[in-house]
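What the coordinates show
For reference, the chains in residue letters:
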Amino acid sequence: MRIKAPLCRHCGRGLTIEGEEKRCPDCATWEGGPLIWNRSLAERNPWLTEVIYRFKYRYDYEVILGFQSLVQAAIKDCLDEQTAVVLVPVPLSQERLHVRKFNQALALAEMAGLKIDQCLSRMETEKQAKKSRQARFAASNPFRLAHPPAATTVLLIDDIYTTGVTLHHAAEVLHAAGVEKIYSFTLAR
């Protein structure tokens, strides 16, 4: 199901009532961080959760290809056409990439047909899906620069926005490297 307005101005979660603040309670955690906003293609539901599970954990790369035109349109809709943006897929650790054989965030970025910069690397950590909400927020930043970013405006790409920790950690590293404007896009929220 596509996410419709009103949206949290920061994370893109659909809000049930329109208010002055237009921010969900979770986003108070990220106030003042370098990630300007996240937008997602759709809300998680049982069907989309199963599709993402097949994609990520059963290594069914083909299942995601049906989303290509939707991903392209959603990314185009959320970006200002005047802004030269480079896509930065959230990386996997080398160990996880070896097991999975592909990076799901890179696969989504490639669907957009825009310039991609794999300027981040990731240290091996416990899977986010296995961590509690509190453990995710307490985790140290696993990202490092693989090389200097090729742009000052980037759109981080990942598959799911759950707590926002992954995207905010990646944004912190990019911001410290001189990236001025950092946005993110996920398949599901």
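Presented here is an overview of the structure given in this document.

Parameters and conventions
Residues numbered from 1 in each chain as written. Predicted model: local features only at pLDDT ≥ 70, side-chain atom pairs only at ≥ 80, totals over all residues. Heavy atoms only, no water. Helix = DSSP H or I, 4+ residues; strand = E, 2+ residues; numbered from the N terminus. Contact = heavy atoms within 4.5 Å. Expected span 1.5 Å × (residues − 1). Buried < 20%, exposed > 50% of the residue type's maximum accessible area, 1.4 Å probe, protein only. Axes fitted to C-alpha atoms, helices over the stretch in contact; angles between N-to-C directions. Parallel < 35°, antiparallel > 145°, perpendicular 65-115°, else oblique. Nonpolar A, V, L, I, M, F, W, Y, C, P; charged D, E, K, R; others polar. Core = buried A, V, L, I, M, F, W, Y, C linked by side-chain atoms within 4.5 Å. Salt bridge = Lys/Arg side-chain N within 4 Å of Asp/Glu carboxyl O.

**A short note on the side chain of histidine 169**
- Inspection of the secondary structure assignment puts histidine 169 in helix α6 (residues 165-176).
- For histidine 169, the contacting residues outside a window of four places in its chain are Ala139, Ser140, Asn141, Pro142 and Phe143.

**Observations regarding the environment of arginine 39**
- Among the structural elements, arginine 39 can be located in strand β1 (residues 35-42).
- Considered as a pair, arginine 39 and isoleucine 75 are 36 residues apart in the sequence and their alpha carbons are 8.5 Å apart.
- In this structure, arginine 39 is in contact with Leu7, Cys8, Arg9, His10, Cys11, Gly12, Cys78, Ser184, Phe185 and Thr186, ignoring residues within four places of it in sequence.

**Some points on α6**
- Taking 1.5 Å per residue as the helical rise, α6 with its 12 residues ought to reach 16 Å, and the 17 Å between its terminal C-alpha atoms agrees with that figure.
- Within α6, 9 of the 12 residues are buried, which leaves it mostly tucked inside the rest of the structure.
- Looking at the residues trailing α6, positive phi occurs at glycine 178, about 105 degrees.

**Brief notes about the environment of valine 90**
- Among the secondary structure elements, valine 90 is positioned in the loop between β2 (86-89) and α3 (94-100).
- With 67 residues separating them along the chain, valine 90 and isoleucine 157 place their C-alpha atoms 6.0 Å apart.
- Beyond its immediate chain neighbours, meaning those up to four positions away, valine 90 contacts Asn103, Ala105, Arg122, Phe143, Leu156, Ile157, Asp158, Thr166 and Leu167.

**Overview of the packing of helix α2 (residues 68-78) against helix α4 (residues 104-112)**
- One can describe the packing of α2 onto α4 by two numbers: an axis separation of 8 Å at closest approach and a directional angle of 75 degrees. With respect to α4, the element α2 is oriented roughly perpendicular. Packed against α2, whose contacting residues are Gln68, Val71, Gln72 and Ile75, the element α4 presents Leu108, Met111 and Ala112 at the interface.
- Broken down by class, the residue content of the contact of α2 with α4 amounts to 5 nonpolar, 2 polar and no charged.

**Notes on the nonpolar core**
- Residues Val71 and Leu155 are the most contacted members of the largest nonpolar core, which totals 30 residues.
- Elements with a contribution of two residues or more to this core: β1, α1 (46-57), α2, α4, β5 (153-160) and β6 (181-188).
- Ranked by the residues each element gives to this core, the list is headed by α4, at 5 residues.
- Among the nonpolar cores identified, the runner-up in size contains 24 residues, and Cys24, Val88, Val173 and Ile182 belong to it.

**Brief notes about the pattern of salt bridges**
- For the structure shown, the criterion picks out 4 salt bridges.
- A salt bridge links arginine 58 to glutamate 50, with the nearest nitrogen and oxygen atoms 3.2 Å apart.
- Residue class for glutamate 50 comes out partly exposed when judged on its relative accessible area of 35%.
- With a closest N to O distance of 2.9 Å, aspartate 159 and lysine 56 form a salt bridge. Here aspartate 159 is found in strand β5, whereas its partner lysine 56 is found in helix α1, with 103 residues between them in sequence. Neither residue differs from the other here; aspartate 159 and lysine 56 are each classed as buried.

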